[in-house]
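Residue-level structure breakdown
The lines below spell out each chain.
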Amino acid sequence: MAPKYKLTYFPIKGLAEPIRFLFSYGGIEFEDFRFSQEDWPKFKPNTPFGQTPILEVDGKVIHQSTTICRYVARQVGLAGADDWEAVQIDAVVDTITDFRSKIQNYFYDSDPVSKEKKKGSLFKETIPFYLPKFEELVKNNGGYFVNGKLTWADVYFVGYLDYLNFMAGVNLLEKYPTLRSLCTTVLELPGIKEWVAKRPVTPN
């Protein structure tokens, strides 16, 4: 009997969308439970470390969004053909996470002076550092991040893209045709295409 999956998160794409993409790619049914920001104090004490998303697998709880992605990727065959491929995928995923964290650090800064300073660093240093390297990596791997084939690193990146663009306030891939092509490839995968067509419309 197939496991019963319940994904719990805010009513946005955010950190949960790559997980939703992976489930959808694999054609795995899951409950997409979304709660409002106002209800978060009610749910927070019931999470392992006061964070979301969480995934319940037959009632057993997994936390940490990247860990959940890796778990689902294994279920759908995108976690690498061997240990070496898996570690290459992990390295890319961790680098994407670093990039996301730097954008989040700017976006969620509530101090106007500090945020403006971070904005300069983000747009003059961070984005110009990471995106050309991502572009080159995908170009050198036949249109994917690792070994010229689809892995969860590709789904992870594309699943985050709307959230990254929202936080940065720009189209991050405007100057990067190879990354745009990867995005198109992932979004045209049947399960993911179906999910995108039916998912709730949210700004990020």
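- The protein is annotated in an unreviewed UniProt entry as glutathione transferase from Gryllus longicercus.
- The protein has a UniProt comment under Catalytic activity (unreviewed entry) that states "RX + glutathione = an S-substituted glutathione + a halide anion + H(+)".

1. Focus on the packing of helix 1 (residues 17–25) against helix 6 (residues 152–168)
- Taken N-terminus to C-terminus, the directions of helix 1 and helix 6 make an angle of 130°; their axes are 8 Å apart at the nearest point. Considering the angle they form, helix 1 stands oblique to helix 6. As helix 1 runs across helix 6, the sense of the crossing is right-handed. Contacts between helix 1 and helix 6 involve Glu17, Pro18, Phe21 and Leu22 from the former and Trp152, Val155, Tyr156, Val158, Gly159 and Tyr160 from the latter.
- Of the residues that constitute the contact of helix 1 with helix 6, the class distribution is eight nonpolar, one polar and one charged.

2. Digging into the packing of aromatic side chains
- Applying the stated rule across the entire model yields 21 aromatic pairs.
- Centroid distance phenylalanine 35 to tryptophan 40: 5.4 Å. Interplanar angle 10°. Geometry classified as stacked.
- Accessibility expressed as a relative area gives 4% for phenylalanine 35, which makes it buried.
- Each ring, one from tyrosine 106 and one from phenylalanine 123, has its centre 6.5 Å from the other, and the planes form 85°; the classification is edge-to-face. Residue tyrosine 106 is found in helix 4 (residues 83–107), and its partner phenylalanine 123 is found in helix 5 (residues 112–140); the two are separated by 17 residues along the sequence.
- Judged by relative accessible area, tyrosine 106 falls into the buried class, the value being 10%.
- Note on phenylalanine 123: relative accessible area 29%, which makes it partly exposed.
- Linked through ring pairs, Tyr9, Phe10, Phe33, Phe35, Trp40 and Phe43 together constitute an aromatic cluster.
- The ring centre of phenylalanine 33 lies 4.7 Å from the NZ or CZ of lysine 6, which sits over that ring.

3. Quick notes on the sheet that holds strand 2 (residues 31–34)
- If you trace the four strands from one edge of the open sheet to the other, you get 2-1-3-4, paired in mixed fashion. The open sheet is flanked by strand 2 and strand 4 (60–63), the only strands paired with a single partner. Taking each pair of neighbouring strands and ignoring which way they run, the sheet shows an average axis angle of 25°.
- Taken together, the four bridges between strand 1 (residues 5–9) and strand 2 define a ladder with parallel strand orientation. Paired with threonine 8 across the bridge in strand 2 is phenylalanine 33.
- Helix 1 contacts strand 1, strand 2 and strand 3 (54–57) of the sheet and is inclined by roughly 155° relative to strand 1.
- Along the sheet, helix 3 (residues 65–75) makes contact with strand 1, strand 3 and strand 4, crossing strand 4 at roughly 115°.

4. Some words on the pattern of salt bridges
- Counted under the stated rule, the structure contains 10 salt bridges.
- Here glutamate 85 ties to lysine 149 by a salt bridge, and the two come within 2.9 Å at their closest N and O atoms. With glutamate 85 in helix 4 and lysine 149 in the loop between helix 5 and helix 6, this residue pair connects regions lying 64 residues apart in the sequence.
- Residue glutamate 85 is classed as buried on the basis of its relative accessible area of 5%.
- Using a relative accessible area of 33% as the deciding quantity, one classes lysine 149 as partly exposed.
- Here the salt bridges share partners, and the residues they tie into one network are Lys13, Glu17, Arg20, Asp32, Arg34, Asp162 and Arg199.

Thresholds, definitions, all that
Residues numbered from 1 in each chain as written. Predicted model: local features only at pLDDT ≥ 70, side-chain atom pairs only at ≥ 80, totals over all residues. Heavy atoms only, no water. UniProt positions renumbered as here; feature names shortened; annotations may be inferred. Axes fitted to C-alpha atoms, helices over the stretch in contact; angles between N-to-C directions. Helix = DSSP H or I, 4+ residues; strand = E, 2+ residues; numbered from the N terminus. Parallel < 35°, antiparallel > 145°, perpendicular 65-115°, else oblique. Left-handed = near helix turned anticlockwise from the far one by under 90°. Contact = heavy atoms within 4.5 Å. Nonpolar A, V, L, I, M, F, W, Y, C, P; charged D, E, K, R; others polar. Phe/Tyr/Trp six-rings, centres within 6.5 Å; stacked < 30°, edge-to-face > 60°. Buried < 20%, exposed > 50% of the residue type's maximum accessible area, 1.4 Å probe, protein only. Lys NZ or Arg CZ within 6 Å of the ring centre and 35° of its normal. Pairing = 2+ DSSP bridges. Salt bridge = Lys/Arg side-chain N within 4 Å of Asp/Glu carboxyl O.

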